[in-house]
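So the chains spell out like this:
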Amino acid sequence: MYVCLCHGVTDGQIRDAIYEGCCSYREVRETLGVATQCGKCACLAKQVVRETLSDV
Ligand code: FES
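Chemist: Help me understand the packing of helix H1 (residues 11–19) against helix H3 (residues 42–54) in this model?
Modeler: Think of two packed helices as two axes; the pair is described by the angle between the axes and how far apart they sit. Remark: H1 packs on H3, axes separated minimally by 10 Å, with the N-to-C direction vectors making an angle of 45°. Viewed along their axes, H1 and H3 adopt a mutual orientation that is oblique. You can see that H1 and H3 cross each other, and the crossing is right-handed. Of H3, the residues touching H1 (which contributes Asp11, Ile14, Arg15, Ile18 and Tyr19) are Ala45, Val48, Val49, Thr52 and Leu53. Residues that form the contact of H1 with H3 fall into these classes: seven nonpolar, one polar and two charged.

See the structure below:
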């Protein structure tokens, strides 16, 4: 599922970024560019990060 349409970032990519070492929403944003354009995806992106961090 696409989380960020502006940058074409999926929830899977967000999870992979966390498995590969990102440990905060900010790091995911800097790595993938998610939520750096229109910002509409910020809420959902944060939620995916939070959920993923709570089960790693
Ligand atoms: Fe993510 Fe626009 S949908 S910045």
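Chemist: Looking at this structure, I do not really get the pattern of salt bridges. What am I missing?
Modeler: Any two side chains of opposite charge can pair, on the condition that their charged atoms come close. Per the counting criterion, the structure on display carries one salt bridge. For the salt bridge of aspartate 11 with arginine 15, the shortest nitrogen-to-oxygen distance reads 3.3 Å. Placement of the pair is aspartate 11 and arginine 15 together in helix H1, with a separation of four residues, close to one helical turn. The exposure class assigned to aspartate 11 is buried, which follows from its relative accessible area of 13%.

Chemist: Would you explain the nonpolar core in this entry?
Modeler: In summary, soluble globular proteins display a tendency toward joint burial of nonpolar side chains. Counting 16 residues, the largest nonpolar core has Ile14, Val28 and Val34 as the members making the most contacts within it. Elements that contribute at least two residues to this core include exactly strand E1 (2–4), H1, helix H2 (25–32) and H3. At four residues, H3 tops the list of elements feeding residues into this core. Setting aside its immediate chain neighbours within four residues, valine 34 contacts Cys4, Val9, Ile14, Val28, Arg29, Cys41 and Ala45.

So, how was this worked out
Residues numbered from 1 in each chain as written. Predicted model: local features only at pLDDT ≥ 70, side-chain atom pairs only at ≥ 80, totals over all residues. Heavy atoms only, no water. Axes fitted to C-alpha atoms, helices over the stretch in contact; angles between N-to-C directions. Helix = DSSP H or I, 4+ residues; strand = E, 2+ residues; numbered from the N terminus. Parallel < 35°, antiparallel > 145°, perpendicular 65-115°, else oblique. Left-handed = near helix turned anticlockwise from the far one by under 90°. Contact = heavy atoms within 4.5 Å. Nonpolar A, V, L, I, M, F, W, Y, C, P; charged D, E, K, R; others polar. Salt bridge = Lys/Arg side-chain N within 4 Å of Asp/Glu carboxyl O. Buried < 20%, exposed > 50% of the residue type's maximum accessible area, 1.4 Å probe, protein only. Core = buried A, V, L, I, M, F, W, Y, C linked by side-chain atoms within 4.5 Å.

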